[in-house]
Number of protein chains: 2
Amino acid sequence: MKEQLRVGILGLGVVGSGSVKVLAEQQAKIKEQTGVEVSIVKALIRPGEDKEAFAKEFQLTLTTELSEIVEDPSLDAVIELIGKIHPAKEFITAALENGKHVVTANKDLMAQHGVELVEIAKANNVSLFYEASVAGGIPILRTLTANYLADEITNIRGIVNGTTNYMLTKMLEDGTSYEEALAQAQELGFAESDPTNDVDGIDAAYKMVILTQFAYGMDVALIDLEIQGIRGLSDQDVAQAQAFGYEIKLIGESVKTAGTVNVSVGPVLVPQTHALASIKNEYNGVFINSTGIGQSMFYGPGAGSLPTATSVISDLVAIAKNERLGISAPQFNEYRRPQALTPDEQVIASYYLAVTGIGQEDLQTILQNETVTAKEVVDTNGRIVVLTAPINRLQLAAVEEAVANKGTLERRMRVMEA
Amino acid sequence: MKEQLRVGILGLGVVGSGSVKVLAEQQAKIKEQTGVEVSIVKALIRPGEDKEAFAKEFQLTLTTELSEIVEDPSLDAVIELIGKIHPAKEFITAALENGKHVVTANKDLMAQHGVELVEIAKANNVSLFYEASVAGGIPILRTLTANYLADEITNIRGIVNGTTNYMLTKMLEDGTSYEEALAQAQELGFAESDPTNDVDGIDAAYKMVILTQFAYGMDVALIDLEIQGIRGLSDQDVAQAQAFGYEIKLIGESVKTAGTVNVSVGPVLVPQTHALASIKNEYNGVFINSTGIGQSMFYGPGAGSLPTATSVISDLVAIAKNERLGISAPQFNEYRRPQALTPDEQVIASYYLAVTGIGQEDLQTILQNETVTAKEVVDTNGRIVVLTAPINRLQLAAVEEAVANKGTLERRMRVMEA
Ligand SMILES: NC(=O)c1ccc[n+]([C@@H]2O[C@H](COP(=O)([O-])OP(=O)(O)OC[C@H]3O[C@@H](n4cnc5c(N)ncnc54)[C@H](OP(=O)(O)O)[C@@H]3O)[C@@H](O)[C@H]2O)c1
Ligand SMILES: NC(=O)c1ccc[n+]([C@@H]2O[C@H](COP(=O)([O-])OP(=O)(O)OC[C@H]3O[C@@H](n4cnc5c(N)ncnc54)[C@H](OP(=O)(O)O)[C@@H]3O)[C@@H](O)[C@H]2O)c1
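Residues numbered from 1 in each chain as written. Chains lettered and ligands numbered in written order. Predicted model: local features only at pLDDT ≥ 70, side-chain atom pairs only at ≥ 80, totals over all residues. Heavy atoms only, no water.

### Here we look at the UniProt feature "domain: Aspartate/homoserine dehydrogenase NAD-binding" (unreviewed entry) in chain A
- Those residues carrying the UniProt feature "domain: Aspartate/homoserine dehydrogenase NAD-binding" (unreviewed entry) are residues 11–131 of chain A in this numbering.
- The span residues 11–131 of chain A carries 48% helix and 17% strand; its end-to-end C-alpha distance comes to 18 Å. (UniProt positions renumbered as here; feature names shortened; annotations may be inferred. Helix = DSSP H or I, 4+ residues; strand = E, 2+ residues; numbered from the N terminus.)

Shown next as C-alpha cells:
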C-alpha cells in the first residue's frame, strides 16, 4: 500500500507551472480521498531559465539534467509539459523505461507516436495517461473509456481547437478580420507565436486522431484525414454563410459507417440553431452519437493554464489511486480494431463552394455533368457561391477539377445537416 | 484473475429489460476489452408476470424468490431495477450482505438511504454503483469522482428531470397547457402513471441530493432543500417570463458559499441566451463551475430504456474490471465533509413574484418595507408580476408573509443571472 507519490515535472511553462499550483492547492483533498500524498518535488528547466522564486515557493528542486529526474529512484511518476515531438518523445521514453508512470498533455506526440509509447509503457509495467491532450478541461478521454465501453459510437464531432474558435467568434460577432482576430488570439495567449498548427487545422487533427482511437479503437494517421484550416477565411464567406442561416466553425468529425471510419477537420457551415454554433470563444464542445446512450455533449474550456493543469493532476490522481490499490499499471485505452477507412464514394456531404473566374452557366454545366444538385446559387460581382445537395467525394473531386480548369475554387466547406 | 462475472437482475421493466438487451449486444466487446465475460443469467419477476419469451431469447432463468438470486453462490453481482424504497432497500441489503456487488438506478433509494447502503457495501467488501440514478445517460457521477477530485466545485446546476423538461418544452414552444403537456408526457412513457414526484420536483431533489454528495462530500436530506415543482404552472407565467426575456425551466442548484451549501429545486427563469434554455424535451444538462476547470457542461438523454440501461451496464463493466484486477471493492464516492447549510440571510437571488388581490401601491409599500427593489412591475388586470433585484431569503420570507396577509402569492420563481 503506497502512501506517497513523488513526481518530477518536465517544463515549467504555462501548463507546467499551473500544474504545480493546482497540486499544491488540492494536495490535502487528494490525500484525504485517496490516502496518497502526491507531490511534485523536482522540475526540469532549460539552462538559464529563471525559476528560483517559483521553485522556492513550491519547494521544488530545479535541474537542467533529464537524468536527475528519470533516473531518480525516489520518483514514481513524471509529468511531461515541454511540448512538441523532440525531445519530448525521448524524454518520455526514458521516463517509462526507468519505470516511471507518465502524464502528458502533448497531443502532437500522442497523435503521432502514441501507439509506440503506450507499448513502451506496457513493456515497463507503468501507466501513460494523457487526458489533457484533447479538449483541455473536458474529461472526454476517460469518459470514452469508462462510459462508452458498453455502447457503440457512430459519430463524434466537435470544436476541439480553442484558438480558431476564438478567432471565428470574433469574426462572426464583431466582424473582425481574419488577421485582426489572429492578432487578438495571440495577445490573449491562446495562439502560439507560430499559430500554423492551429489555423491550418493540424492541432484539431491531432485531437481527432486521438478521439478516433478512443471511440473506435482505430489508429489513423494524419495522412488518412481530410484536413483544412481557416487560414485566410474571408469576411465574405462568413457573411454569406450567415445569410444562408449558418455559422462557420472549425469542426473535427470522426464518423463510422459499416465498420469503416472517415475522419476530417475543416471549416464547416453549422446551422445557427445547432448547439455547436453556440460554443463561443476559446471553449470546446464534443458531440457523441451512439446506439445506446444516443446524443450527448461535453462542453468546457479547450485550453488555458488552470483547466489543462487540473486535467493533468486528475491523471496523476488516477495513478495515485492505482498505486494505492496495488494495481499493475492499467493503460488508458485498450480498444483496438484494425483500421479501415471509408471509401471516397461512401463519404457523403453537402458543400459550400465559392468560385471565381467562371460564368454561372459554365458552373451549372460542370455541376450537371457530375449530377450535383445546387440548392442555392448566389452571384456577387462574379464570385459565385453554391450550396450543393449531398454528394460523395468522387463527385466533389470531379467538380473541383473541372472548376480549376476554367477558374478558381476560392473556398470549399462542408455543410452540417440541421 | 476472474474471467467471468455472473449477474442476477431484480425487475424486468423498462430499464431492466433494456439492460438485458444492451448487455447481450455489447457482451463480446466487453469481453474483448476487459477480459471478463459478463452475463445476466437470472431474473426476479413478480408472480404471474409473463416473461417467458423474453427469458428464452436471452437465456435467463426466471424466479419469483429473492433468495434464489441473492443466495446463489454462483452469482457475483445483482442489478436492482424494481424502483422505489420498499422492498428495494431490503433486496439490495440482502444482496450486499451475501457478498454480491450491486448496481442500481434507484435515485429515490440512494438519495434517502444511500449513506447507510454504502456502509453495508463496505462492511461486506463489495461495490455499490448507481451512475444511472442521476441524469440517465450522462456519466455525471463518475466524472465528478474521477475528474473533479483535484478541483473545487463552487456550483452545480442543471436540468435533471426529463418529464418536466419535456412538459415545459411543449408549454413554451407549442403553447400546450400544463394538463395537456402532462398527458403527452405520460403517453410517451416519460412520466409515470403517478407523476407526483416529477411535477412536484421530488425526483429532481433526489438527484440534487446525490449530486451534492459527489460534488461537496456533504450529505443533505430532502428536508434541507428548498423544493418547488411546476404543478399548475400557468400559461400566463410562461408568457410573462418570455416577455421578460426568459424561459421557465425546472432547475436543480447546489451552491457552495464559504464552506456551506444551499440546495434547491424549482422553476427558474433562465435567460433565453443561456445554454440551459436550449435544452429541450426529455434531455438533461448539468453545468459545473469550479475553481480549476472553470465552466463545463454535460448534456444527454435524462431517461429512457436504452440510455439508462447503457449506464447500468457501464457500472457492471467497472465491477468486472475491478474483479479482473483483483481490487477489493472500491466505493463510488469517498468524499465526506460535515454537512453545513448556508444561512438564510446568505442565500441571495432575484425573484419573479406573481400576486393577486392586492393593489400596486400596497405591493410597493411591502417591497419598500423590506428594502426590496423591483426591477420590473407588470399589472395585467390586477395580476401583478414583479421581478426583484437580488434579495436574501429573510427578505423573501417577509415579503411573502406580508403579501399573504393582504392577497395571494400565485407564483414565486427564482431568476437566474445572465
Ligand atoms: N497551453 C494550453 O492551454 C494547453 C492546452 C492543452 C495542452 N497543452 C499542451 O501542453 C504542453 C505544454 O504547453 P504550454 O502551453 O505549457 O507550453 P509552454 O508555455 O511553451 O511551456 C513549455 C515549457 O517547457 C520548456 N521547455 C521546452 N523544451 C525544454 C527542454 N528541452 N528542457 C526543459 N524545458 C523545456 C519551455 O521553455 P522555453 O520557453 O525556453 O522553450 C517552456 O517553459 C504542450 O504539449 C501543449 O500542446 C497546452
Ligand atoms: N425509466 C427510466 O427512464 C429511468 C431512468 C433513470 C432511472 N430509472 C430508475 O430505474 C428503476 C426502474 O425503473 P423502470 O422505469 O424500469 O420501472 P418499471 O418499468 O416500472 O420497472 C420495474 C419493474 O420491476 C417490477 N417489480 C416491482 N416490484 C417487484 C418485486 N417486488 N419483485 C419483482 N419485480 C418487481 C415491476 O413489476 P410491476 O410492473 O408488476 O410492478 C416492473 O416490471 C427505478 O428506480 C427508476 O427510478 C428509470
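Moving on from the coordinates now.
### Some thoughts on the pattern of salt bridges
All names here are of chain A.
- Taken as a whole and judged by the stated rule, the model has 38 salt bridges over all chains.
- Across the pair E400 and R412 runs a salt bridge, and its minimum N-O distance is 2.5 Å. Here E400, found in helix 14 (residues 393–406), pairs with R412, found in strand 17 (residues 408–415); they are 12 residues apart in sequence, far enough to count as distant.
- Within the structure, one salt-bridge network assembled from shared partners comprises R157, E226, E253, R393, E400, R412 and R414. (Salt bridge = Lys/Arg side-chain N within 4 Å of Asp/Glu carboxyl O.)

### Some words on the site of ligand 1
All names here are of chain A.
- Not every one of the 20 residues close to ligand 1 is listed here, only the nearest: V14, V15, R46, K107 and G304.
- Between V14 and ligand 1, the recorded distance is 2.9 Å, taken from a backbone N or O atom to an oxygen atom.
- K107 is positioned with one of its side-chain polar atoms (N or O) 3.2 Å from an oxygen atom of ligand 1.
- When isolated, ligand 1 has an accessible area of 890 Å², and the protein chains bury 73% of it.
- Its residues assigned to classes, the shell around ligand 1 comprises 11 nonpolar, six polar and three charged. (Near = heavy atom within 4 Å. Polar contact = N/O pair within 3.5 Å; in protein donor to acceptor, adjacent residues only side chain to side chain. Areas by Shrake-Rupley, 256 points an atom, 1.4 Å probe, with all protein chains shown as cover. Nonpolar A, V, L, I, M, F, W, Y, C, P; charged D, E, K, R; others polar.)

### Section: the sheet that holds strand 5 (residues 101–104) of chain B
All names here are of chain B.
- With parallel pairing, six strands are arranged side by side in an open sheet as 3-2-1-4-5-6. The open sheet is flanked by strand 3 (61–63) and strand 6 (128–129), the only strands paired with a single partner.
- Pairing analysis gives three bridges linking strand 2 (residues 37–44) to strand 3, with the strands arranged parallel. If you follow L44 over to strand 3, its bridge partner there is T63.
- Each of strand 1 (4–10), strand 2, strand 4 (77–80), strand 5 and strand 6 touches helix 12 (residues 305–325); the most contacted strand, strand 5, lies at about 160° to it. (Pairing = 2+ DSSP bridges. Contact = heavy atoms within 4.5 Å. Axes fitted to C-alpha atoms, helices over the stretch in contact; angles between N-to-C directions.)

### A word on the sheet that holds strand 1 (residues 4–10) of chain A
All names here are of chain A.
- Strand order across the open sheet formed by six strands is 3-2-1-4-5-6, with parallel pairing between neighbours. Looking along the sheet, the strands with just one partner apiece sit at the ends: strand 3 (61–63) and strand 6 (128–129).
- The pairing of strand 1 with strand 2 (residues 37–44) spans seven bridges and is parallel. Residue L10 lies in a different strand from strand 2, and its bridge partner there is L44.
- The strands touched by helix 1 (residues 14–34) are strand 1 and strand 2; relative to strand 2, the strand with the most contacts, the crossing angle is about 160°.

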